[in-house]
Amino acid sequence: MLEKLKIFKKKTEPFRMRVSFDLDEVLFVSQRTHKVEPALPFPLNKIYIERLRFGTPKLINTLQKMGFDVWVYTSSFRTQKYIKHLFRFYGVKFNGIVNGQRHLKEVQGQRREILPQKVPPRYNISLHVDDETVICSYGSQMGFEAYQLDAPDDDWVEKVIAKAEAVKKKKGL
């Protein structure tokens with residue numbers, strides 16, 4: 001009987017490497033300092049006020065076409081529904097979303113010791129893109145690769161794709 005339950009079935013789909021992105025200062029940026037995607041039309045621009053770094057939809061869709069799972073891993077408490085809907089208006093569908101609430105429930109839990117804001121290996125994430133040096137520095141300790149993106153960069157899409165391909169090759173995938 002237990003073998004019929006979905007949780008005990010063998011996975012038949014091939015492993016797909018996971019790449020995750022932080023939101024604030026990585027995918028959501030200020031139009032005063034960065035090139036951004038066009039704002040959503042009224043009234044959506046009043047509901048979804050964040051501006052996407054220019055090239056975000058292209059990057060995420062390209063990574064997915066290349067066979068990567070693409071996730072959001074943010075310490076913000078925006079709801080998963082909000083994040084999912086905002087990106088859908090830009091033609092993006094994430095494979096997974098971890099927000100602050102999910103992280104607290106599934107990672108921090110009832111532990112007394114305070115864990116880092118993000119623990120990508122908990123979600124089988126191989127590459128995490130973040131702006132915070134401290135998060136990126138955990139990579140070597142926790143077993144994930146990090147790419148720090150903390151400034152405007154016109155070539156960021158190509159650099160992230162190159163890093164994802166390098167990590168995939170390094171892992172022998």
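Every chain's residues receive numbers from 1 upward, in the order its sequence appears when written. It should be noted that, the model being predicted, local features are given only for residues of pLDDT at least 70 and side-chain atom pairs only at 80 or more, the latter also being counted only at that level, while totals for whole chains, interfaces and linings use all residues. The basis for every side-chain value is the complete set of non-hydrogen atoms in the structure, without hydrogens or water.

Draft legend 1. Fine view of the confidence of the model for the protein chain. Scored by pLDDT, the protein chain comes out at a mean of 91, with 92% of its residues at no less than 70. The predictor attaches a confidence to each residue, and that confidence, scored 0 to 100, is pLDDT. By definition in these notes, contact holds between two residues if any of their heavy atoms fall within 4.5 Å. Note that pLDDT drops below 50 for residues 1–12; the model gives that stretch 4 contacts with residues more than four away or on any other chain.

Draft legend 2. Structural context of the layout of surface pockets. With a 1 Å grid spanning the protein atoms alone, the term cavity applies to any set of points in which a 1.4 Å probe fits but cannot get out, the term pocket to an open set with protein on both sides within 12 Å along at least five of seven lines, and the term lining residue to any residue with an atom within 4 Å of a point. Grid points are joined across faces, edges and corners, and a volume is the space filled by probe spheres set on the points. In this structure, the second largest pocket spans a volume of roughly 200 Å³. Lining the second largest pocket, in full, are His34, Lys35, Arg53, Phe54, Gly55, Lys58, Pro152, Asp153, Asp154, Trp156, Val157 and Glu158. Of the residues forming the lining of the second largest pocket, the biggest block, 3 residues, is contributed by helix α6 (residues 156–170). Taken together, the residues of the lining of the second largest pocket break down into 4 nonpolar, 2 polar and 6 charged. Only DSSP runs of H or I covering at least 4 residues are called helices, and only runs of E covering at least 2 are called strands; the numbering of each starts at the N terminus. Ten residues, namely Ala, Val, Leu, Ile, Met, Phe, Trp, Tyr, Cys and Pro, are considered nonpolar, four, namely Asp, Glu, Lys and Arg, are considered charged, and the remaining ones, Gly among them, are considered polar.

Draft legend 3. Just the pairing of strand β5 (residues 145–148), in detail. DSSP calls a pair of strands paired once it identifies at least 2 bridges connecting them. Across 4 bridges, strand β4 (residues 125–130) lies against β5 in parallel orientation. In the strand pairing of β5, Leu127 is matched with Glu145. Think of it like this: strands point away, you trace from the first strand over the helix to the second, and a clockwise trace means the crossover is right-handed. The parallel pair β4 and β5, bridged by helix α5 (residues 133–142), forms a crossover whose chirality is right-handed.

Draft legend 4. Here's a closer look at the environment of Val98. Within the element layout of this structure, Val98 appears in strand β3 (residues 96–98). In contact with Val98, other than residues within four places in its own chain, are Trp71, Val72, Tyr73, Thr74, His103 and Tyr123.

Draft legend 5. Representation of the pairing of strand β2 (residues 69–73) in the model. Of all 5 residues making up β2, 5 are buried, and the element is well covered by its neighbours. Neither face of β2 is left uncovered, since the one carrying Asp69, Trp71 and Tyr73 and the one carrying Val70 and Val72 both have all their residues buried. As defined by bridge partners, strand β1 (residues 18–21) adjoins β2 across 4 bridges and the pair is classed as parallel. Looking at β2, one finds that Val19 is bridged to Val70. In this structure, β2 lies alongside β3, joined through 3 bridges in parallel fashion. Its bridge partner being in β3, Tyr73 is matched across the sheet by Val98. Taken together, β2, helix α3 (residues 80–88) and β3 constitute a β-α-β crossover, and its handedness is right-handed. Each residue's exposure class comes from its accessible area (1.4 Å probe, protein chains only) as a fraction of the maximum for that residue type: buried when under 20%, exposed when over 50%, partly exposed otherwise.

Draft legend 6. View of the packing of helix α2 (residues 56–65) against α6. To get an axis, fit a line to the C-alpha atoms, keeping to the stretch in contact for a helix; angles then go from 0 to 180 degrees between the N-to-C directions. The contact between α2 and α6 brings their axes to 10 Å, and the two run at 20°. When the axis of α2 is compared with that of α6, the two are roughly parallel. In the packing of α2 onto α6, the handedness of the crossing is right-handed. Contacts from Thr56, Lys58, Leu59, Thr62 and Leu63 in α2 reach Trp156, Val157, Glu158, Val160, Ile161 and Ala164 in α6. Broken down by class, the residue content of the contact of α2 with α6 amounts to 7 nonpolar, 2 polar and 2 charged. Note that the term roughly parallel is reserved for angles under 35 degrees, roughly antiparallel for angles over 145, roughly perpendicular for angles of 65 to 115, and oblique for everything else. By the definition used in this description, the sense in which the near helix is turned from the far one sets the handedness, with an anticlockwise turn below a right angle giving left-handed and a clockwise turn giving right-handed.

Draft legend 7. α3, seen in detail. The set of residues buried in α3 consists of Tyr82, Ile83, Leu86 and Phe87. For α3, the buried positions fall inside an angular range of 120° around the axis, keeping them on one side. Along its buried surface, α3 packs onto α1 (44–47), α2, β2 and β3. Note that the arc is computed from the directions linking the helix axis to the C-beta atoms.

Draft legend 8. Quick peek at the sheet that holds β2. Taken in spatial order, the 5 strands line up as β3-β2-β1-β4-β5 in an open sheet, and their pairing is parallel. One side of each edge strand has no neighbouring strand; the edge strands of this open sheet are β3 and β5. Across this sheet, the average inter-strand angle for adjacent strands is 20°, counted without regard to direction. Two elements, β1 and β4, share 4 bridges in a ladder whose sense is parallel. Directly across from Val19, in β4, lies its bridge partner Leu127. Together, β4 and β5 form the strand contacts of α5, whose direction differs from that of β5 by roughly 155°.

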